[in-house]
Each structure stands twice: as C-alpha cells, then as structure tokens.
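As a plain string of letters, each chain reads:
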Amino acid sequence: MKRVLITGSSGLIGSEAVTFFDQRGWEVHGIDNNMRREFFGPDGDTTWNLDRLRGSAKHFTHHDVDIRHREAILALFQAHCPDLIIHCAAQPSHDLAKDRPFEDFEVNAVGTLNLLEAARRHCPETPFIFMSTNKVYGDAPNERPLVELPTRWDYANPADYEGIDESCRIDASLHSLFGASKLAADVMVQEYGRYFNMPTVCFRGGCLTGPNHSGAELHGFLAYLVKAVKEDRIYRIYGYKGKQVRDNIHSYDVCTAFLAFYESPRQAAIYNLGGGRGNSVSILEAIAQFEELLGRTLEVEYVE
C-alpha cells in the first residue's frame, strides 16, 4: 500500500487530499494541530473536519504535531517514510501576519524547512508537493493596466486576458509579511529540488474553495461569505469598491494536480494554480449570487 503524508490535514485542501488518496487505497498520515483555531477563533476550528475524516476515511492516521517541532517531524518521517508528501499547513492570513510575525514566519518558512530536511534525510526520492500561494508575486500583478467595469476590475491589455503566468517577477514588490514568509518557503522548496536533486513542486494557488473550509473573515473568501449571508452577519468589504476579482478552484481539482505531479514528478517545478476566468468572481458579484441563491439580503460594511 502506498503511503502519503499530508500536513494541514484538517484544513480545506489537506482534508480533501486525505479523502482523495484514502479512496484510492493509500495509507494516509495527516499532520495537524488545529492552530487555525488559535489564529481565527471558533470560525477557524477544524475539529469538526477531523472528526469527519476519522469517521469516513478507512486508512487514515492523525498526528497532532506542530510542524515547527523539528525533532517530532524528523521522527515522523523516519517512522513512516512516505511515498508522497503534500504540505498544506500554513498561517494563511495577510492581516494576521502583521500582528504575529514570528509565528507566521516560523510556521510558513521554518516549518517548511523542517519538512524538506526530513524528506532529504529519510525519503529524498519522494515527490514533495508544496501548497504555495499566488501572494508570492506581491503587488507586481497590480502593475498591469486595469479597466473598471460595473461589477469588477479587469485587465486592460488583451495579452493579460487569461491572467498572470509564472514569468511574473517575485521581487521588488510589496508582499505583506505573509507573502514574504510563503515566498521564503517557496524558494526553499525550489532550492531543495535543484540543489539536492529532489522532486519538488510549488503550486501557487489562487482562491481555493470547497465544502470543507473553516472559513473566517481573514481567510476563506467564499466559505466565509456564504456563512455571513446565512447567519445574518455584517460582511466587511475591504477596499477596491468590492470589485476585486478572485478565480476560484475546487479543492478536489487541486488534488488531481497533486496526483498528476506524483505520476510525473520533476525537480523544482512551479505552477500557478487557479480556476481561470471561467471560475472568477468579484466580491460584488459573489454577494449578489449568494443573496439570490439563499433568498437573503446581506448587510455590508465598506472599509476603505
């Protein structure tokens, strides 16, 4: 039986990966210490998702381990030596990072280094998949000329119609501390691939969504928005007239990309990963769709 080790296994992508590989007969080891609850409060609590996995997955073992604890990670890799590593654990919020910079960097950057080194010591030929973020580009994409439409911003240059590719620069750009910590991890994943000839990939995700997201105001756009509509919460729109656009990709589709890399790995790969224009939506457009779907009106507060 093949063995996969998944960090952040109670989160949106991690839990989808647990189910995805469990259903394909893999032995699944999940690492998650529910730090999302500490970051985001009750909305971020992933206990319900872990309970769901324990009840549904046939080959799943949960490990309550903090990826910052180097010796624990090394021991786990030595004991289980996976055939595939999927690293989804993160501190995922721009806004939270500025208030908790040490935890942000230690989880995102140092935690990733702990996993890479454990893989190099115990299973260097195992494909290492890192769930990175498009925030590694910082503000650089915003330099592209835009046009304002009634409900969204769009690219003014036809060459940008399908979005930003991997040639976009990652330096000389404002990132947020979160973007910087994820970029540090992203570059390190690439470096282990090139320097140690390990099969690694950075999937630079856009707006990831799906049914198992513990959405909170500072992270989890669609999940939190539908929660706000259903529960009559005040929804805050932060700037840009609510016309900022996110292209959404379902967590299951992300897992098909994981499997594709496992089947055809290479060293230091990078891919932007999103739902494309066909799955894009602005804040204003998403609010209108959820209001219509649920038959409720959302109370909105605009924050410049």
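Residues numbered from 1 in each chain as written. Predicted model: local features only at pLDDT ≥ 70, side-chain atom pairs only at ≥ 80, totals over all residues. Heavy atoms only, no water.

## Side note on the overall build of the protein
- Counting secondary structure elements, the protein contains 10 helices and 14 strands.
- Taking 19 Å as the expected radius of gyration for a compact globule of 304 residues, we find that the protein reaches 19 Å, a close match to that expectation.
- A principal-axis box enclosing the C-alpha atoms of the protein has dimensions of 55 × 40 × 35 Å.
- Sorting the 304 residues of the protein into buried and exposed places 53% on the buried side.
- Excluding contacts between residues fewer than 6 apart, the proportion of contacts in the protein whose partners are at least 24 apart in sequence is 81%.
- Carbon together with sulfur atoms contributes 51% to the accessible area of the protein, which is approximately 14100 Å² in total. (Helix = DSSP H or I, 4+ residues; strand = E, 2+ residues; numbered from the N terminus. Rg over C-alpha atoms; globule rule 2.2 N^0.38 Å. Buried < 20%, exposed > 50% of the residue type's maximum accessible area, 1.4 Å probe, protein only. Contact = heavy atoms within 4.5 Å. Areas by Shrake-Rupley, 256 points an atom, 1.4 Å probe, with all protein chains shown as cover.)

## Observations regarding the pattern of salt bridges
- On inspection of all chains with the given rule, the structure shows 22 salt bridges.
- The shortest N-O distance in the salt bridge between Glu 27 and Arg 3 comes to 3.0 Å. On the criterion of sequence distance, the pair formed by Glu 27 in strand β2 (residues 27-31) and Arg 3 in strand β1 (residues 3-7) is long-range, its members being 24 residues apart.
- Exposure remark for Arg 3: the relative accessible area of 23% places this residue in the partly exposed category.
- Between Asp 154 and Arg 277 there is a salt bridge, with the nearest N and O atoms lying 2.8 Å from each other. (Salt bridge = Lys/Arg side-chain N within 4 Å of Asp/Glu carboxyl O.)

## Overview of the environment of Leu 84
- Following the sequence through the fold, Leu 84 ends up in strand β4 (residues 84-87).
- With residues up to four places along the chain from it excluded, the contact list for Leu 84 reads Arg 3, Val 4, Leu 5, Phe 21, Trp 26, Thr 126, Pro 127, Ile 129 and Tyr 262.

## Section: the nonpolar core
- If you look at the biggest cluster of nonpolar residues, it comprises 32 residues, and the most contacted ones within it are Phe 21, Ile 86, Met 131, Phe 203 and Phe 258.
- For this core, the elements supplying multiple residues, two or more each, are β1, α1 (12-22), α3 (47-56), β4, β5 (128-133), β8 (200-205), α9 (251-263) and β12 (269-273).
- With 7 residues, the top contributor of residues to this core is α9.
- If you look at the next biggest cluster of nonpolar residues, it comprises 28 residues, including Phe 39, Cys 123, Val 189 and Cys 202. (Core = buried A, V, L, I, M, F, W, Y, C linked by side-chain atoms within 4.5 Å.)

## Points about the sheet that holds β1
- The 7 strands lie next to each other as β3-β2-β1-β4-β5-β8-β12, forming an open sheet whose pairing is parallel. Looking at strand neighbours, the two that pair on one side only are β3 (60-63) and β12, the edges of this open sheet. Between one strand and the next, the sheet's axes are offset by a mean angle of 20°, whatever the strand orientation.
- By the bridge criterion, 4 bridges tie β2 to β3 in an arrangement that is parallel. Along β3, the bridge assignment pairs Gly 30 with His 62.
- Packing against the sheet, α1 makes contact with β1, β2, β3, β4 and β5, and its axis sits at approximately 170° to β1. (Pairing = 2+ DSSP bridges. Axes fitted to C-alpha atoms, helices over the stretch in contact; angles between N-to-C directions.)

## Thoughts on the side chain of His 175
- Along the polypeptide, His 175 turns up in the loop between β7 (153-155) and α7 (177-195).
- A polar contact is formed between the side chain of His 175 and the backbone oxygen of Ile 170, at a distance of 2.9 Å.
- Looking at His 175, its side chain comes within polar contact range of the main-chain oxygen of Ser 173, at 2.8 Å.
- Among all residues touching His 175, those that are not within four sequence positions of it are His 94, Lys 135, Val 136, Tyr 137, Gly 138, Ile 170, Ala 180 and Leu 183. (Polar contact = N/O pair within 3.5 Å; in protein donor to acceptor, adjacent residues only side chain to side chain.)

## What to know about the packing of helix α6 (residues 101-122) against α7
- For the pair α6 and α7, the least separation of the axes is 8 Å and the interaxial angle reads 10°. With respect to α7, the axis of α6 lies roughly parallel. Across the interface between the two elements, Pro 101, Asp 104, Phe 105, Asn 108, Ala 109, Thr 112, Leu 113, Leu 116, Glu 117 and Arg 120 from α6 touch Leu 177, Phe 178, Ser 181, Lys 182, Ala 184, Ala 185, Met 188, Val 189 and Tyr 192 from α7.
- Within the contact of α6 with α7, the residues separate by chemical class into 12 nonpolar, 3 polar and 4 charged. (Parallel < 35°, antiparallel > 145°, perpendicular 65-115°, else oblique. Nonpolar A, V, L, I, M, F, W, Y, C, P; charged D, E, K, R; others polar.)

## Section: the packing of α1 against α3
- Two numbers describe how α1 lies on α3: the axes approach to 11 Å, and their chain directions differ by 5°. When the axes of α1 and α3 are compared, the pair comes out roughly parallel. Contact residues: α1 offers Ser 15, Val 18, Thr 19 and Asp 22, while α3 offers Asn 49, Arg 52, Leu 53 and Ser 56.

## Comments concerning the sheet that holds strand β11 (residues 245-250)
- On the basis of which strands lie adjacent, the open sheet formed by 3 strands has the order β9-β11-β13 and mixed pairing. Looking at strand neighbours, the two that pair on one side only are β9 (207-209) and β13 (280-282), the edges of this open sheet. The sheet shows a mean angle of 40° between the axes of neighbouring strands, taken without regard to direction.

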